[in-house]
Each structure stands twice: as C-alpha cells, then as structure tokens.
Amino acid sequence: MIIDKLYKFVEERGPVCVGLDTSINYIPEEFLKKHKDEYSALFEFNRSIIDATYDISACYKVQIAYYEALGVEGLKVYKETLKYIKEKGLIAICDIKRSDISSTARMYAKAHFEGDFEGDFITLNPYMGLDSVEEYLNYVKEKEKGIFLLLKTSNKGSSDIQMMKLEDGKRVYEQVGDLFNKVAEGYKGECGYSSIGFVVGCTDTKEAANIRERYKDSFFLIPGYGVQGGTSEDVRRLMKGKNGGVVNSSRGILLAYKKYGDDFDVAARKEVLRMREEILNGI
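These numbers come from a predicted model, not from an experiment. (Residues numbered from 1 in each chain as written. Predicted model: local features only at pLDDT ≥ 70, side-chain atom pairs only at ≥ 80, totals over all residues. Heavy atoms only, no water.)

Participant: It is not clear to me how the packing of aromatic side chains should be interpreted in this structure. Could you clarify?
Facilitator: In this description, an aromatic ring pair is defined by two values, namely the gap between the centres and the angle between the planes. Throughout the structure, instances matching the rule amount to 11 aromatic pairs. Considering the side-chain rings of F45 and F264, the 4.4 Å spacing of their centres and the 25° angle between planes classify their relative orientation as stacked. One end of the pair, F45, is in helix α3 (residues 38–53); the other, F264, is in helix α15 (residues 264–280), with 219 residues separating them in the sequence. F264 shares its class with F45; the two are buried. Between F121 and F148 the ring centres are 4.9 Å apart and the planes differ by 25°, which places this aromatic pair in the stacked class. Taken together, the positions of F121 in strand β4 (residues 121–124) and F148 in strand β5 (residues 146–152) put the pair 27 residues apart, joining distant regions of the chain. (Phe/Tyr/Trp six-rings, centres within 6.5 Å; stacked < 30°, edge-to-face > 60°. Helix = DSSP H or I, 4+ residues; strand = E, 2+ residues; numbered from the N terminus. Buried < 20%, exposed > 50% of the residue type's maximum accessible area, 1.4 Å probe, protein only.)

Participant: Even after reading the chapter, I still don't get α3, so can you show me in this structure?
Facilitator: Owing to its 3.6 residues per turn, the α-helix brings residues three or four apart onto one side. Taking 1.5 Å per residue, 16 residues should reach 22 Å; α3 reaches 23 Å between its end C-alpha atoms and fits that length. Here α3 has its buried residues at S40, A41, L42, F43, F45, N46, I49, I50, A52 and T53. In this structure D37 caps α3, since a side-chain oxygen of it lies 3.1 Å from the backbone nitrogen of Y39. (Expected span 1.5 Å × (residues − 1). Polar contact = N/O pair within 3.5 Å; in protein donor to acceptor, adjacent residues only side chain to side chain.)

Participant: Explanation requested: the sheet that holds β4 in the structure shown.
Facilitator: Strand pairing within a sheet occurs via backbone hydrogen bonds; the two strands may be parallel or antiparallel. Around the barrel, which closes on itself, the eight strands sit in the order β1-β2-β3-β4-β5-β6-β7-β8 with parallel pairing between neighbours. Neighbour to neighbour, the strand axes of the sheet diverge by 30° on average, direction disregarded. Sheet topology places strand β3 (residues 92–98) next to β4; three bridges connect them, and they run parallel. Its bridge partner being in β4, I93 is matched across the sheet by F121. (Pairing = 2+ DSSP bridges. Axes fitted to C-alpha atoms, helices over the stretch in contact; angles between N-to-C directions.)

Participant: Can you walk me through the packing of helix α10 (residues 172–184) against helix α11 (residues 205–214) in this structure?
Facilitator: A pair of packed helices is captured by two measures, namely the crossing angle of their axes and the spacing between those axes. At a minimum axis separation of 11 Å, α10 and α11 run at an interaxial angle of 20°. One way to sum up the angle between α10 and α11 is to call them roughly parallel. In the packing of α10 onto α11, the handedness of the crossing is right-handed. Counting all contacts with α10, which are made through Y173, E174, D178 and N181, the residues of α11 involved are E207, N210, I211 and R214. (Parallel < 35°, antiparallel > 145°, perpendicular 65-115°, else oblique. Left-handed = near helix turned anticlockwise from the far one by under 90°. Contact = heavy atoms within 4.5 Å.)

Participant: Just to check I follow, could you spell out the nonpolar core for this structure?
Facilitator: Proteins that are soluble and globular tend to have nonpolar side chains buried together. Counting 69 residues, the largest nonpolar core has L20 and I147 as the members making the most contacts within it. Top contributing element to this core by residue count: α15, with six residues. Filtering out sequence-adjacent residues up to four positions away, I147 remains in contact with F113, F121, I122, L124, Y136, L137, V140, S195, I196 and G197. A58, C59, F121 and V246 belong to the second largest nonpolar core, which has 18 residues in total. (Core = buried A, V, L, I, M, F, W, Y, C linked by side-chain atoms within 4.5 Å.)

Participant: Help me understand the pairing of β5, please; the structure alone is not making it clear to me.
Facilitator: Every regular strand shows the same layout, with side chains that alternate between the two sheet faces. The buried fraction of β5 amounts to seven of the seven residues, a majority that puts the element mostly inside the structure. In this sheet, β5 lies alongside β4 in parallel orientation, the contact comprising four bridges. Residue F121 lies in a different strand from β5, and its bridge partner there is G146. Of the strand pairs in this sheet, β5 and strand β6 (residues 196–200) are connected by five bridges, and their pairing is parallel. Among the inter-strand pairings, L150 is bridged to a residue of β6, identified as V199.

By themselves, these observations are geometric and do not establish any function.
Set out below in structure tokens:
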C-alpha cells in the first residue's frame, strides 16, 4: 500500500514534506528573467527545488490553489510538476481539500487519482460526512492511493467549529476522527498505519497528546510548522518516535534563499536539512 512507501521514505529520509505552494512572487527576479514566461519559470523553479531535496525529503505537497489562480497555463504547471515527481519515483500529496456529495465526489476522485492531475495522496474535507469520502475508497484499495482527511487544522479559525463540544462531551473533531478512524482500519499497510490518515496542525499543543493517543494507527500530515508558529517540540507530540507523520513546510523552504543568501535550490536543501535535524533532535 502507498502508506508503506511513505513510511519507508520517512524512515530513510526523514519526515520533511516539501510544500510546493509556489507563488510567482516567490521566484527570484533574476530566475524569472531567464525564462520565456512566468509559467515555464514556475515549473523550472519547482523542478529545481525537487532536484535539490528529493533524497532528504519524504514527499511533496502540491497545493492546487496556487496553480488554479493562474488559469489553464497554471494548471499545466501543476500537471507537469506532478508528472515530474512521479517520474523520479517520489510521493506527491495533492492538496485539494475537496468535499461534495457522492456523485460529485466520484468525479473528483477520477480527476485527482487518474489522468493529468494524478497524485499518490489527496487531502479531503470530511465534514460533509461519510458519503462524501466513500467514492475515493476503491482507489485506496485497488489503485494504491491514499487520503489525508482534515481533522484538527492549523488555522486560528479551527477552534470555531472543530473544538465545539457535543452533548456527549466529545469535540466535533473527535466525532469526525472516531467515525473515519473506523473506516481507516480496513486500509492498513504492513507498517501498521492506514492509507487513510489525518491532517493535524501542530499549532494546538493542548490537543496534540490527545490526538496522538486517540488515533494511534493514523499517519498524520502535519502543517503549521515554522511560519505559522509550530515548533519542533509541537511536531514531536504528534509523531511516534521518528515516524508516524510528515511535517510540511512551504514558504520556509521555498523562500529559504532570503534567509541564507544562497541560490534558491541550495538554500532549500539547507533548510530541509536544518528542519529535519531540528525535528528529529532528541527523539
């Protein structure tokens, strides 16, 4: 199962997930000038980041909004970026956060688990209920795909709904997590984790211990580190030793050249190495 490949990559290369949430504004001006247009520069920027970090990163998360915002040409870059990740034998998480009724979900599943926009994992919003996720499950079982479901997110507004208490004392996120945790049990790999995992932000230190204990066999996609305020100690609360999750950083890696003063790809590698060491230090 795909989760076994991801688990192995974390074991061998560390838990860093490089976020290719690439804005045109992130690309150095001199690099832009070398290319015929901003779209070719965008793809070459992504490719250079991948080439510089593939052996020290567990996976790549490509946030579709940054490419959709550029129209058809932007989506071509999204397609080519995913294709390049696949050609190098790496793992792509398509950060699409889709949610809809089952008939529409079936089309989203086809769109992002097949064809031009195919990835290994996708992110989904499960708060519409079980039937909004069911259409993706055949791909997990038959096509070696995986899902990360939003559980406790890293944004400030996550407390508005996710932390609300129900009549039985559960938080809303716990109700959602418990429901889908049962589903996930049927999709476990040899590593002991399921190919259906959760997105859990590392910015809420109070809930981290409960989440890790409650969902022992769940693999986490962990945003919120660095720019959003999450620390390595916050991350470690959500890991199980040196595995059990991947930690995403986007701006911190893509804009590392402003911190180090090196070429952007050299700086990106330095930042991934620094981040990996900081997270694993003391485990």
